[in-house]
Amino acid sequence: RSAMIIKADLHMHTCLSPCGDDDMTPYNAVNLAKLLGYDMIAVTDHNSCLNCPAAVRAGEAAGLVVVPGMELCTAEEIHNVCLFPSLDAAKEFSDFVYDKMPDIINRPEIFGEQIITDEKDNIIGYEKRLLTVASDITESETVKAVSSYGGVCFPAHIDRSSYSILSVLGTFPETPTFKAAGLSRYADEKKLSAENPCLGNMKLFVNSDAHRLSDIPEPQNELELPECSAEALIDYIKNR
């Protein structure tokens, strides 16, 4: 089968993340991404997949593939992008993570609301537990756990000075062996690769980590996939 060129952003938040703008709804994020020329985005809110169903359905209506995902904060306070082949897998992983988080109640006046919507922007609930906390899941456990739900994960924004694998550990651990890594738009890829030779064996994705609509840039990644689907993306990363 001939490959397709897919324009993708694999790290994007919605209004479920307390640090996300209230107008960063699944509907708005999906439709702006479509207008900007994306074929695929991944919705990756902090420690939860609760807005993935709305985003996937909004994507189906707009003609944009939405990969259900999460930005997991590990016990070491490292952020990982976790991507899943289906909403069922994402929900099961989300429930698993919820049980591994401290029971701290969100204070919207400090952290912001954690809004759950449907695909047409109707608010259907609020997540009461604060989502931007470290889970009890370690970095090595994350890789195994995500894989057990059919997904794949990679360290997020490795060039950042906080919540990144390099800022916390100083280097990539020998195990687990990651197939990919996320960069911010401001990363110096040559410098990072020189300092971390293992990056030469990984697929590097430049992702927006968008928390507001104005954060969504023109497409940065062009991926060669056999089809535009979550399954094809996950297979592409796993078999890198």
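Residues numbered from 1 in each chain as written. Predicted model: local features only at pLDDT ≥ 70, side-chain atom pairs only at ≥ 80, totals over all residues. Heavy atoms only, no water.

## Some remarks on the side chain of Ser94
Turning to step 1, where the next piece is worked out: Here Ser94 is to be found in helix 3 (residues 87-98).
Turning to step 2, where the next piece is worked out: Leave out the neighbours within four places in its chain, and Ser94 touches Ser48, Cys49 and Met70. (Helix = DSSP H or I, 4+ residues; strand = E, 2+ residues; numbered from the N terminus. Contact = heavy atoms within 4.5 Å.)

## Side note on the sheet that holds strand 7 (residues 152-155)
What links the strands of a sheet is backbone hydrogen bonding, and the strands pair in either a parallel or an antiparallel sense.
Turning to step 1, where the next piece is worked out: Spatial strand order, 7-4-3-2-1-10: six strands in an open sheet with mixed pairing. Two strands bound the open sheet, and with one partner strand each, they are strand 7 and strand 10 (221-225). Geometrically, the sheet is characterised by an average inter-axis angle of 30° between neighbouring strands, direction not taken into account.
Turning to step 2, where the next piece is worked out: Here strand 1 (residues 4-12) pairs with strand 10 via five bridges, running antiparallel. Bridge pairing links Ala8 to Asn221 in strand 10. (Pairing = 2+ DSSP bridges. Axes fitted to C-alpha atoms, helices over the stretch in contact; angles between N-to-C directions.)

## Comments concerning the pattern of salt bridges
Turning to step 1, where the next piece is worked out: Within the structure shown, the criterion is met by eight salt bridges.
Turning to step 2, where the next piece is worked out: Of the charged contacts in the structure, one is a salt bridge between Asp95 and Lys91, with a shortest N-O distance of 2.8 Å. Taken as a pair, Asp95 and Lys91 lie in helix 3 at a separation of four residues, close to a single helical turn.
Turning to step 3, where the next piece is worked out: A relative accessible area of 39% places Asp95 in the partly exposed class.
Turning to step 4, where the next piece is worked out: A single network of salt bridges, built from pairs that share partners, joins Asp21, Arg212 and Asp215. (Salt bridge = Lys/Arg side-chain N within 4 Å of Asp/Glu carboxyl O. Buried < 20%, exposed > 50% of the residue type's maximum accessible area, 1.4 Å probe, protein only.)

## Section: the nonpolar core
Turning to step 1, where the next piece is worked out: Of all hydrophobic cores here, the largest spans 49 residues; its most connected members are Val30, Ile41, Val66, Phe93, Ile158, Phe172 and Leu199.
Turning to step 2, where the next piece is worked out: Residue contributions to this core peak at five residues, all from helix 2 (residues 52-62). (Core = buried A, V, L, I, M, F, W, Y, C linked by side-chain atoms within 4.5 Å.)

## What about helix 5 (residues 139-148)?
Turning to step 1, where the next piece is worked out: All buried positions along helix 5 are accounted for by Glu139, Thr142, Ala145 and Val146. Angular distribution of buried residues about the axis of helix 5 spans 115°; they occupy a single face of the element. Across helix 5 from its buried face, at more than 90 degrees, point the exposed residues Lys144 and Ser148.
Turning to step 2, where the next piece is worked out: If you follow the buried residues of helix 5, they end up packed against strand 3 (65-73), strand 4 (79-83), helix 3, strand 7 and helix 6 (165-169). (Arc of directions from axis to C-beta.)

## Remarks on the packing of aromatic side chains
Turning to step 1, where the next piece is worked out: Per the counting criterion, the structure on display carries five aromatic pairs.
Turning to step 2, where the next piece is worked out: Seen from their ring centres, Phe84 and Phe93 are 4.9 Å apart, and the 40° between their planes marks the pair as tilted.
Turning to step 3, where the next piece is worked out: Owing to a relative accessible area of 0%, Phe93 belongs among the buried residues under this scheme.
Turning to step 4, where the next piece is worked out: With centroids separated by 5.5 Å and ring planes inclined at 45°, the aromatic side chains of Phe154 and Phe205 adopt a geometry described as tilted. Within this pair, whereas Phe154 is found in strand 7, its partner Phe205 is found in strand 9 (residues 203-206), the two being separated by 51 residues in sequence. No difference in accessibility class separates Phe154 from Phe205, as the two residues are buried.
Turning to step 5, where the next piece is worked out: The ring of Tyr98 has Arg129 lying over it, and the distance from NZ or CZ to the ring centre is 4.1 Å. (Phe/Tyr/Trp six-rings, centres within 6.5 Å; stacked < 30°, edge-to-face > 60°. Lys NZ or Arg CZ within 6 Å of the ring centre and 35° of its normal.)

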